[in-house]
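Here is how the chains run, residue by residue.
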Amino acid sequence: MKIPEADPAVRAWRERLDPSAGVGVPAHVTVLFPFLDERRIDSDTRTALGEVIGRHRPFETRFARCGGFPGILYLAPEPEAPFRRLTEAIADRWPEAPPFGGQFDDVVPHLTVAQGQDTAVLAEVETDLRRRLPVTASVSAVELMVYDGARWRLRASFPLQEHPVPRP
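The rules we used
Residues numbered from 1 in each chain as written. Predicted model: local features only at pLDDT ≥ 70, side-chain atom pairs only at ≥ 80, totals over all residues. Heavy atoms only, no water. Pairing = 2+ DSSP bridges. Helix = DSSP H or I, 4+ residues; strand = E, 2+ residues; numbered from the N terminus. Axes fitted to C-alpha atoms, helices over the stretch in contact; angles between N-to-C directions. Salt bridge = Lys/Arg side-chain N within 4 Å of Asp/Glu carboxyl O. Buried < 20%, exposed > 50% of the residue type's maximum accessible area, 1.4 Å probe, protein only.

### A word on the sheet that holds strand β2 (residues 72-78)
In space, the four strands of this open sheet follow the order β3-β2-β1-β4, with antiparallel pairing throughout. Two strands lie at the open edges of the sheet, namely β3 (111-115) and β4 (135-139), each paired on one side alone. Averaged over all neighbouring strand pairs, the angle between strand axes comes to 30°, with direction disregarded. Taken together, the seven bridges between strand β1 (residues 59-69) and β2 define a ladder with antiparallel strand orientation.

In structure tokens, the structure reads:
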């Protein structure tokens, strides 16, 4: 999910320290990666994806603190439950595409700011970010990004529904 409200706080750091920013990935919280091979994303898949996502309501999120994984600094969304529910719903529909290839027992929603850095660099970034937080954002859609071999590009956007249709 794109989080453009975070750009003023994270853009300069991401451009310098997050390789994905240089290949077209905006400030975002990942819902599901990897998804299906692009050749499998046809109109039926897009329709089904829209239906799954459309069962969820738009929500507000707040980024007030940083978190980290080894070599990675991120902003932590609060609440994280709406992100987790979307990830679970899409992974349930497409079990052949588990989050992060099934590498992790717990998928932590996050907005990556820097990766592949040593602790001193991450500490510098975190100190700067603390002065720029909190960031609040309205989440109303999930974007499908595809990699063309050189850049990530927006393939489709799926709105969250104000009055979602219950699952049959």
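### Let's talk about the pattern of salt bridges
In total, this model carries 12 salt bridges according to the counting rule given. A salt bridge links Glu 38 to Arg 155; its shortest N-O distance comes to 3.4 Å. Pair noted here: Glu 38 is in the loop between α1 (7-17) and α2 (43-53) and Arg 155 is in strand β6 (residues 152-159), with a separation of 117 residues, a long-range link. Using a relative accessible area of 36% as the deciding quantity, one classes Glu 38 as partly exposed. Two residues, Asp 148 and Arg 153, come together in a salt bridge whose shortest N-O distance is 2.8 Å. With relative accessibility at 43%, the residue Asp 148 sits in the partly exposed group. On the basis of relative accessibility, which here comes to 42%, the residue Arg 153 falls in the partly exposed class. One connected set of salt bridges, linked through shared partners, spans Glu 80, Arg 84 and Asp 106.

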